[in-house]
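Next come the chains, spelled out residue by residue.
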Amino acid sequence: MSNQDATPENRLRKELPEEVPAIPSQQGAPEEPAEPVLTGRQRLVKGLWPPRVTRAQLIVALLLFGLGFGLAVQVASNSDSGNALRGARQEDLVRILDELDDRSQRLEDEKEGLEKQRDELENSSDQAEEARKQTVEKERQLGVLAGTVAAEGPGITMTIEDTKGTVEADMLLDAIQELRAAGAEAIQVNGVRVVAGTYLTDSAKSVSVDGNKINAPFRFKVIGNPQDLEPALNIPGGVVQTLEKEQATVSVERSTKIVVDALRAAKQPDYARSSSQ
Amino acid sequence: MIAVLGLVVGVVAGLLVQPEIPAAVVPYLPIAVVAALDAVFGGLRAMLDGIFDDKVFVVSFLSNVVVAALIVFLGDELGVGSQLSTGVVVVLGIRIFSNAAAIRRHVFRA
């Protein structure tokens, strides 16, 4: 501190030149005594380029080797995707485990729901299959009645020989009625299927069934229980006796297999509509 | 120059050797690496300031690593390991940034 001038401005001006040179000399002194005013950049370049093997350099190199090694190992183990849990802490692992448990629980629930749905769908498709089978079965049964499908089964064959031309439509109708009353399920007469709407008319020495003219001998093929059908025809005063009175000969044969294969086209009714009620 | 070579050789060796990290060291290695980075940045800054001293550097490097590992160990023991290591990383990160700023001022004069 100089006491030459007491004014603050002068004092400061005096002080600064004294201290300024001191700072660079203190900074540069420990490492670079030769060049006291070296900038940081110059020091960096100087330290980098002429490689000097000094104790300090070697120790620092050793430490940096350790740092680089640890860094690389850590980075490698961290980026190892298959081992993502390796470096995780205990509480993180617990949390991850909990999350996984939750997730598997959710997935389990979802699986149960989907299985239930699958079962329902299978059931409903089973039901649909069952309904379809029943529909097919019903179609066959109705087809036997409607004459759209062939039928076979036990039954009888009745042959009416009419050499004199005395058999009339009403006698055949009686025979059909009698057979139906005895439980006949499918009937055909000389290749014409007898169904619900069948009508018989007399036509010039012969008989027409549903407009198809048929000639003697009239051959009835009937499916039903033979033990019921035959007696029904043979009862006293019944069909057989009535026909024999008219000079026709009737023969009835039981058979375990009668094939009724005369068919009739399915016909859409013109007026009648099914009423669901 | 030799120091930079040491760093490069270390990285290459680590990548090539791929050693199994012992389970006991696994939690401490990342923090130790960050602490060592802090020491290295501090040393670089000191070198640019012209006050670099190898003894100081060695001591600060080793003590940084040990203290960081110790803090993590203590945190694990106390049950606040993850928070504490986050704190350590934040503090070291701030120091690295301030050192990097000083280095930048020296190197780029900006």
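All of these numbers come straight from a predicted model, not from anything done at the bench. (Residues numbered from 1 in each chain as written. Chains lettered and ligands numbered in written order. Predicted model: local features only at pLDDT ≥ 70, side-chain atom pairs only at ≥ 80, totals over all residues. Heavy atoms only, no water.)

**Some remarks on the packing of aromatic side chains**
Residue and element names in this part refer to chain B. Within the structure shown, the criterion is met by three aromatic pairs over all chains. Summarising the aromatic geometry, the rings of Phe57 and Phe61 are spaced 5.9 Å apart at their centres and angled 50° between planes, so their arrangement reads as tilted. Placement of the pair is Phe57 and Phe61 together in helix α3 (residues 54-78), with a separation of four residues, close to one helical turn. Owing to a relative accessible area of 5%, Phe57 belongs among the buried residues under this scheme. The exposure class of Phe61 is buried, given its relative accessible area of 6%. Among the aromatic side chains, those forming a connected cluster through ring pairs are Phe52, Phe57 and Phe61. (Phe/Tyr/Trp six-rings, centres within 6.5 Å; stacked < 30°, edge-to-face > 60°. Helix = DSSP H or I, 4+ residues; strand = E, 2+ residues; numbered from the N terminus. Buried < 20%, exposed > 50% of the residue type's maximum accessible area, 1.4 Å probe, protein only.)

**Regarding the interface of chain A and chain B**
Counting from both sides, the interface comprises 38 residues of chain A and, opposite them, 43 residues of chain B. Regarding the contact of chain A and chain B, the summed buried area is about 3,700 Å², with carbon and sulfur atoms giving 69% of it. At the boundary of chain A with chain B, the tally comes to zero salt bridges. For the pair chain A and chain B, the interface holds zero residue pairs in polar contact (both at pLDDT 80 or more). Going through the elements one at a time, α3 (40-48) and α4 (55-79) of chain A are the ones with two or more residues in the side of chain A that touches chain B. Top contributing element to the side of chain A that touches chain B by residue count: α4(A), with 20 residues. Among the residues forming the side of chain A that touches chain B, the class breakdown is 20 nonpolar, ten polar and eight charged. (Contact = heavy atoms within 4.5 Å. Buried area = accessible area lost by both parts, 1.4 Å probe. Salt bridge = Lys/Arg side-chain N within 4 Å of Asp/Glu carboxyl O. Polar contact = N/O pair within 3.5 Å; in protein donor to acceptor, adjacent residues only side chain to side chain. Nonpolar A, V, L, I, M, F, W, Y, C, P; charged D, E, K, R; others polar.)

**Concerning the UniProt feature "transmembrane region" (unreviewed entry) in chain A**
UniProt's feature table lists "transmembrane region" (unreviewed entry) at residues 56-76 of chain A, given in the numbering used throughout. Helix makes up 100% of residues 56-76 of chain A and strand 0%, whereas the separation of the span's terminal C-alpha atoms amounts to 30 Å. (UniProt positions renumbered as here; feature names shortened; annotations may be inferred.)

**With respect to the UniProt feature "transmembrane region" (unreviewed entry) in chain B**
Residues and elements named next belong to chain B. If you check UniProt for "transmembrane region" (unreviewed entry), the listed places come out as residues 24-44, 56-74 and 80-103 in our numbering. As annotated, residues 56-74 has a helix share of 100% and a strand share of 0%, and its two end C-alpha atoms lie 26 Å apart. End-to-end, the C-alpha atoms of residues 80-103 are 34 Å apart, and along that stretch the chain is 96% helix and 0% strand.

**Concerning the pairing of strand β5 (residues 206-209) of chain A**
All names here are of chain A. In β5, alternate side chains face the same way, and those of Ser206 and Ser208 on one face and Val207 and Val209 on the other are all buried. Pairing of strand β4 (residues 200-203) with β5 involves four bridges; the strand directions are antiparallel. Looking across to β5, one finds that Thr201 is bridged to Ser208. Taking the residues between adjacent antiparallel strands as the criterion, β4 and β5 are bridged by two residues, where Ala204 takes a positive phi near 40°. Both β5 and strand β6 (residues 212-214) contribute to a ladder of three bridges, which runs antiparallel. If you follow Val209 over to β6, its bridge partner there is Asn212. Connecting β5 to the antiparallel partner β6 that follows it, the hairpin turn spans two residues, and Asp210 within it adopts a positive phi of roughly 50°. (Pairing = 2+ DSSP bridges.)

**Some points on the packing of helix α2 (residues 29-49) of chain B against helix α4 (residues 81-108) of chain B**
Geometrically, a packed helix pair is captured by the angle between its two axes and the distance between the axes. Residues and elements named next belong to chain B. At their nearest, the axes of α2 and α4 sit 9 Å apart, and the two run at 20° to each other. Compared by their axis directions, α2 and α4 come out roughly parallel. Judged by the sense of rotation from one axis to the other, the crossing of α2 with α4 is left-handed. Across the interface between the two elements, Ile31, Val34, Ala35, Leu37, Asp38, Phe41, Gly42, Leu44, Arg45, Leu48 and Asp49 of α2 pack against Ser85, Val88, Val89, Leu92, Arg95, Ile96, Asn99, Ala100, Ala102, Ile103, His106 and Val107 of α4. (Axes fitted to C-alpha atoms, helices over the stretch in contact; angles between N-to-C directions. Parallel < 35°, antiparallel > 145°, perpendicular 65-115°, else oblique. Left-handed = near helix turned anticlockwise from the far one by under 90°.)

**Some remarks on the packing of α4(A) against helix α1 (residues 2-17) of chain B**
The geometry of α4(A) relative to α1(B) is characterised by a closest axis approach of 7 Å and an angle of 30° between their N-to-C directions. Classified by the angle between their axes, α4(A) and α1(B) sit roughly parallel to one another. Here α4(A) and α1(B) pass one another in a crossing that is right-handed. Contact with α4(A), carried on its side by Gln57(A), Leu58(A), Val60(A), Ala61(A), Leu64(A), Phe65(A), Leu67(A), Gly68(A), Phe69(A), Ala72(A) and Val73(A), involves Ile2(B), Ala3(B), Gly6(B), Leu7(B), Val9(B), Gly10(B), Val11(B), Ala13(B), Gly14(B) and Leu15(B) of α1(B) and no other residues of that element. For the contact of α4(A) with α1(B), the class distribution of residues is 16 nonpolar, five polar and no charged.

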